[in-house]
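Coordinate inspection notes
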Amino acid sequence: MAITDDTPVPVPVPVEAGAAGATPRPETAPGADPLGRRPNILDPGFDLTLRPMRYPAFYEMYRDAIKNTWTVDEIDFSDDLVDLDRKLLPAERHLVNRLVAFFATGDSIVANNLVLNLYRHINAPEARMYLSRQLYEEALHVQFYLTLLDNYIPDLAEREAAFAAVENIPSIRAKAEFCFKWMAAVGDEPLRDATDRRRFLMNLICFATCIEGLFFFAAFAYVYFLRSKGLLNGLAAGTNWVFRDESMHMNFALAVIDVVRREEPELFDAEMGERITAMICEAVDAEYQFACDLLGQGVPGMSVADTRSYLEYVADQRLAQLGLPKHFGSSNPFAFMELQDVQELSNFFERTVSAYQVGVDGDVTFDEDF
Ligand SMILES: [Fe+2]
Ligand SMILES: [Fe+2]
């Protein structure tokens, strides 16, 4: 995505208080160099200057995300409870148990990384507006899965065990440890040199393409597989919204990566490409172990082998989005996921203005498109 500042706005040059004459100083505070150049997006600091706006595309993403507001209260789980009670096979029930146990912590991990790493190091106020909105959406996802588990698991001891899955279920713990490893890899220091910046980029790429873009996309595949069998429509309805949010989160991160590539192309050398590919392969392996556990009892219509192909296909897509060669060469065996993008888009545009007004008081003007 091309990100250019096409909205030049004259900015008065501030003067030092009490200085004799007008002494120019950098228009941005920490992070700007002494010549007054605007910082690059990974230069350390907390740039506050919105005009001229360096990355208007991030502001547009923020505005688009606001249009996509939904609430957990809109989702009706009553059909799901009937399905869980009467329709699911034991192997499908096991799949659902594992899936919701993963959901219990996945978005909280992403939210923590957003605060601890992304918000700190992506130095543009318009990008931080988007991240603020994303943080809200991650909280909404956490609320959705919290409500889902409370509905799905009436037994309190079982519910407690599901929320503790990250401690107790090895295939979920392994995925969480993968996340924690890359979360901790950034360190606490400002991004002063190329080594620091590459470490942060690995974190950003990990959370966008391995966690939101692979772990969550695998989870969506299980949900839409069940929906294709007429099961758990409440879960699928909420997932439509989460799917859309996660796609936007990933696209934002990819756009940040494009900006960094433009500003500091030397960071993206061959070794970096190899490290990214190795990390994505590691994520595929972790997700595959989870698939073996989740599908271990033999779910009719969804094989472990097909799931492996799907994970490899998604991983190749992520590599291509990062400008790297595909690694696996697998095709997508899940037709129900091919349709998903189109269906989701139509669902989105079919929604009425009233849907966006849930929880909104006062005068609100919507764009003409809506
Ligand atoms: Fe999320
Ligand atoms: Fe997300």
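Residues numbered from 1 in each chain as written. Chains lettered and ligands numbered in written order. Predicted model: local features only at pLDDT ≥ 70, side-chain atom pairs only at ≥ 80, totals over all residues.

Quick look at the overall build of the chain
The number of helices and strands found in the chain is 14 helices and zero strands. Ordered by position from N to C terminus, the α and β elements of the chain give α-α-α-α-α-α-α-α-α-α-α-α-α-α. Of all 370 residues assigned to the chain, the portion counted as buried reaches 35%. Within the chain, contacts between residues at least 6 apart in sequence are counted, and of these 71% link residues at least 24 apart. (Helix = DSSP H or I, 4+ residues; strand = E, 2+ residues; numbered from the N terminus. Buried ≥ 20, exposed ≤ 12 C-beta atoms within 10 Å, placed from the backbone. Contact = placed C-beta atoms within 7 Å.)

Re the packing of helix α7 (residues 170-184) against helix α10 (residues 270-294)
Two elements in contact, α7 and α10, have axes separated by 8 Å at closest approach and are oriented at 160°. As the angle between them shows, α7 and α10 are arranged roughly antiparallel. As for the relative orientation of α7 and α10, their crossing is left-handed in sense. Seen from α7, the contacting residues are Ser 171, Ile 172, Ala 174, Lys 175 and Phe 178; seen from α10, they are Glu 282, Ala 283, Ala 286, Glu 287, Gln 289, Phe 290 and Asp 293. (Axes fitted to C-alpha atoms, helices over the stretch in contact; angles between N-to-C directions. Parallel < 35°, antiparallel > 145°, perpendicular 65-115°, else oblique. Left-handed = near helix turned anticlockwise from the far one by under 90°.)

Re the packing of α7 against helix α8 (residues 194-228)
Pairs of packed helices are described in terms of their axes, by the angle between the two and the distance that separates them. Remark: α7 packs on α8, axes separated minimally by 9 Å, with the N-to-C direction vectors making an angle of 160°. Relative to α8, α7 is oriented roughly antiparallel. Two packed elements cross with a definite hand, and for α7 against α8 that hand is left-handed. Between α7, through Lys 175, Cys 179, Trp 182 and Met 183, and α8, the contact on the second element is made entirely by Met 202, Asn 203, Cys 206, Ile 211 and Phe 215. Of the residues belonging to the contact of α7 with α8, the class tally is seven nonpolar, one polar and one charged. (Nonpolar A, V, L, I, M, F, W, Y, C, P; charged D, E, K, R; others polar.)

Side note on the nonpolar core
In summary, soluble globular proteins display a tendency toward joint burial of nonpolar side chains. Of all hydrophobic cores here, the largest spans 91 residues; its most connected members are Leu 99, Val 100, Leu 204, Leu 214, Ala 219 and Val 256. With 21 residues, α8 is the largest single contributor of residues to this core. Contact partners of Leu 214, with chain neighbours within four places excluded, come to Thr 209, Ala 283, Glu 287, Leu 311, Val 314, Ala 315 and Arg 318. (Core = buried A, V, L, I, M, F, W, Y, C linked by C-beta atoms within 7 Å.)

Comments concerning helix α4 (residues 125-152)
The terminal C-alpha atoms of α4 lie 40 Å apart, and with 28 residues this matches the ideal 40 Å at 1.5 Å per residue to within 8%. Those residues of α4 lying buried are Ala 127, Tyr 130, Leu 131, Arg 133, Gln 134, Glu 137, Glu 138, His 141, Phe 144, Tyr 145, Leu 148 and Tyr 152. The elements touched by buried residues of α4 are α1 (56-67), α2 (78-87), α3 (90-121) and α9 (233-263). (Expected span 1.5 Å × (residues − 1).)

Section: the environment of Cys 179
By secondary structure assignment, the location of Cys 179 is in helix α7. Each C-alpha atom, one on Cys 179 and one on Cys 210, is 9.0 Å from the other, the two residues being 31 residues apart in sequence. Excluding anything up to four places from it in sequence, Cys 179 contacts Ile 109 and Ile 211.

Focus: the confidence of the model for the chain
Mean pLDDT over the chain stands at 86; residues scoring 70 or higher make up 82%. Note on residues 1-32: pLDDT under 50 across the span, and 53 contacts to partners over four residues away in sequence or across chains. The low-confidence segment residues 345-370 (pLDDT under 50) makes 13 contacts with residues lying over four places distant or belonging to another chain. (pLDDT = per-residue confidence, 0-100.)

Looking at unusual backbone geometry
Note the cis peptide between Arg 51 and Pro 52, where omega equals -5°. Tracing the backbone shows Pro 52 in the segment before α1. A positive phi angle, near 60°, is found at Leu 232, a position not held by glycine. Given 26 C-beta atoms within a 10 Å radius, Leu 232 is considered buried.

Looking at the environment of Leu 226
Residue placement: Leu 226 occurs in helix α8. With 10 residues separating them in the primary sequence, Leu 226 and Ala 236 have C-alpha atoms 8.4 Å apart. Ignoring any residue separated from it by four or fewer positions in sequence, one finds Leu 226 in contact with Leu 231 and Leu 232.

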